[in-house]
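A structural walkthrough
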Amino acid sequence: MAKENEIKTAVPALRFPEFQDTEGWKEYKLKNLCEIGNGKDYKHLSSGNIPLYGSGGYMTSVDDFLYDGESVCIGRKGTIDKPIFLTGKFWTVDTLFYTHSFNNCLPKFLYLIFQKINWYKYNEAGGVPSLSKTTIGEINVFAPVGKKGELKEQQKIADCLSSLDELIEATTQKVETLKEHKKGLMQRLFPAEGKNVPDLRFPEFQGTSVWQSTLLGAVVDYENGRAHENEIDEEGNFIVVNSKFISTDGEVVKRTNTPYCLADKEDILMVLSDVPNGRAIAKCFFVDQSGKYTVNQRICRLRSKNINSKLLFYLINRNPYFLSFDDGVKQTNLKKSEVLECPLMIPSSPIKQQKIADLLSSIDDLIIATGQRIKSLKEHKKGLMQQLFPKI
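Residues numbered from 1 in each chain as written. Predicted model: local features only at pLDDT ≥ 70, side-chain atom pairs only at ≥ 80, totals over all residues. Heavy atoms only, no water.

1. Focus: the packing of aromatic side chains
The geometry of an aromatic ring pair comes down to the distance between the two centres and the angle between the two planes. Basically, it comes down to this: Pairing of aromatic side chains here covers Phe, Tyr and the six-membered ring of Trp, requires ring centres within 6.5 Å, and sorts the geometry by plane angle: under 30 degrees stacked, over 60 edge-to-face, intermediate tilted. A run of H or I in DSSP counts as a helix once it spans at least four residues, and a run of E counts as a strand once it spans at least two, with each numbered from the N terminus. Remark: exposure states derive from per-residue accessible area (1.4 Å probe, protein chains only) relative to the maximum for the residue type, with buried under 20%, exposed over 50%, and partly exposed in between. Working rule: Lys NZ or Arg CZ, within 6 Å of ring centre, within 35 degrees of ring normal, means a charge sits over the ring.
Tallied over the entire structure, the rule returns 18 aromatic pairs. Look at Phe109 and Phe389: their rings are 5.4 Å apart centre to centre, the planes differ by 15°, and that puts the pair in the stacked class. Separated by 280 residues along the polypeptide, Phe109 in helix H2 (residues 107–116) and Phe389 in the segment after helix H9 (350–388) bring together distant segments of the chain. Accessibility expressed as a relative area gives 4% for Phe389, which makes it buried. Ring geometry for Phe285 against Tyr293: centres 5.0 Å apart, planes inclined by 75°, an arrangement best described as edge-to-face. A residue is classified by how much of its surface remains accessible, and Tyr293, at 4% relative accessible area, is buried. Taken together, the aromatic side chains of Trp25, Phe109 and Phe389 make up a single cluster linked through ring pairs. Directly above the aromatic system of Phe202 lies the positively charged group of Lys355, at a separation of 5.5 Å from the ring centroid.

2. Quick look at the nonpolar core
Just so we agree on the cut-off: Residues enter a nonpolar core if they are buried and are Ala, Val, Leu, Ile, Met, Phe, Trp, Tyr or Cys, with the set joined through side-chain atoms within 4.5 Å. By definition, residues are in contact when any of their heavy atoms lie within 4.5 Å.
In this structure, Leu30, Phe190, Leu216, Ile316, Phe322 and Phe389 are the most contacted members of the largest nonpolar core, which totals 80 residues. The greatest single-element share of this core, amounting to 10 residues, is contributed by H9. In this structure, Leu216 is in contact with Leu302, Leu312, Ile316, Phe322, Val339, Leu340, Cys342 and Leu344, ignoring residues within four places of it in sequence. Residues Val62, Ile84, Leu86 and Val93 belong to the second largest nonpolar core, which totals 15 residues.

3. A closer look at the sheet that holds strand S8 (residues 84–86)
Hydrogen bonds between backbone atoms are what pair the strands of a sheet, whose relative direction is either parallel or antiparallel. Operational definition: By the convention used here, strands pair only if DSSP detects at least 2 bridges between them. Lines fitted to C-alpha atoms define the axes, with helix axes restricted to the stretch in contact, and inter-axis angles between N-to-C directions lie between 0 and 180 degrees.
Spatial ordering of the open sheet is given by S3-S10-S7-S8, a layout of four strands whose pairing is antiparallel. A strand with exactly one partner marks an edge of an open sheet, and here the two such strands are strand S3 (35–37) and S8. Taking each pair of neighbouring strands and ignoring which way they run, the sheet shows an average axis angle of 30°. Bridge analysis of strand S7 (residues 71–75) against strand S10 (residues 96–100) gives two bridges, and the strand direction is antiparallel. From the neighbouring strand, Gly75 faces S10, where its bridge partner is Leu96. Its contacts with the sheet place H2 against S7, S8 and S10, and it is angled at close to 25° to S7.

4. What to know about the sheet that holds strand S11 (residues 140–143)
The strand order across the open sheet formed by three strands is S1-S2-S11, and the pairing between neighbours is antiparallel. Edge positions in the sheet fall to strand S1 (9–10) and S11, since each has one partner strand and no second. Taken together, the four bridges between strand S2 (residues 25–29) and S11 define a ladder with antiparallel strand orientation. Its bridge partner being in S11, Glu27 is matched across the sheet by Phe142.

5. Let's talk about the side chain of Ser61
Going by this rule: Polar contacts, as used here, are pairs of N or O atoms within 3.5 Å; protein pairs need one atom able to donate a hydrogen and one able to accept it. Residues neighboring in sequence count only if both atoms are side-chain atoms.
Summarising the element assignment, Ser61 is placed in strand S5 (residues 57–62). Engagement of the side chain of Ser61 in a polar contact is seen with the side chain of Tyr58, the distance being 2.7 Å. Excluding residues within four positions of it along the chain, Ser61 makes contact with Ser46, Ser47, Gly48, Asn49, Ile50, Pro51 and Leu52.

So this is what it looks like as structure tokens:
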């Protein structure tokens, strides 16, 4: 039977070879590993080059600093489950705690510990989530400390997982670069307002006919979706395409066995209703398979005719014409007549349409593949952390 004051130890499932025969990790309270500092008001500060952070992340830059060095920050109020690692000079507002005066613990290792903590378990508020310094300080964690206070195992683990973080960050930046590249291409591949030819044309189409002006109603058949809320079934055979499904790029899924408005392959499904300044209004989903999706209310199904469906998707997805209906005050609700009156410029040749659609689709495919790479790397890191840290 363990004595009341006996120090608890634990051993992770996976250890680097040089630490296999060393003693187990010891249990510490967070207050014994670091001190927790309060953020402060910044209204008296002027603009500068020192970053200022709140619980939601970077806010602005000011002309003074609260701390200079490596620190792990955690939200005091609001977002309390997203630790932030900072280095150099910074300022935090009163919704964000920062750490300093580390003892038996490297800041980068503490950052990993913070990522493993279920912070909502320590939430002290019924409304906006909140943490206190006292509660944080009393949390028990395990850390490896060698003889004479050596922190070599902590450093090894921090280096390993930091390299993964750097790879994740670089891959994430690649996605953003690809998105910007695609955005720039679209601005040049499609005619600018008031023009009938694009700035950028494939060599084989130089000097060919101009693009034709038309309305969306002339190149699609339109149908509104129907409400499926009373027919939701987690085991259903059909995915219900609603605004949440489209706005989350298919991450939030509801199912049904009742397809009120079935979509065919190459149909375009567009969000008709969204809150002010929302990111879903006029966002489109391109159907990749027949018999898989059914269309919910506040979504319209557009079936193309006499135009390449994928090109049409790129032309109307979050088209500025639709976004102009959002006044930033009341909920936007696009009417059928407003959708069908969307002005378009279209290349007359099916070959031109296909060429542009193929180019943009290839970039989308690369963005999706790179996004999957990010998910795989994050899962790999999660698995490594489960093994490199003791299971308590």
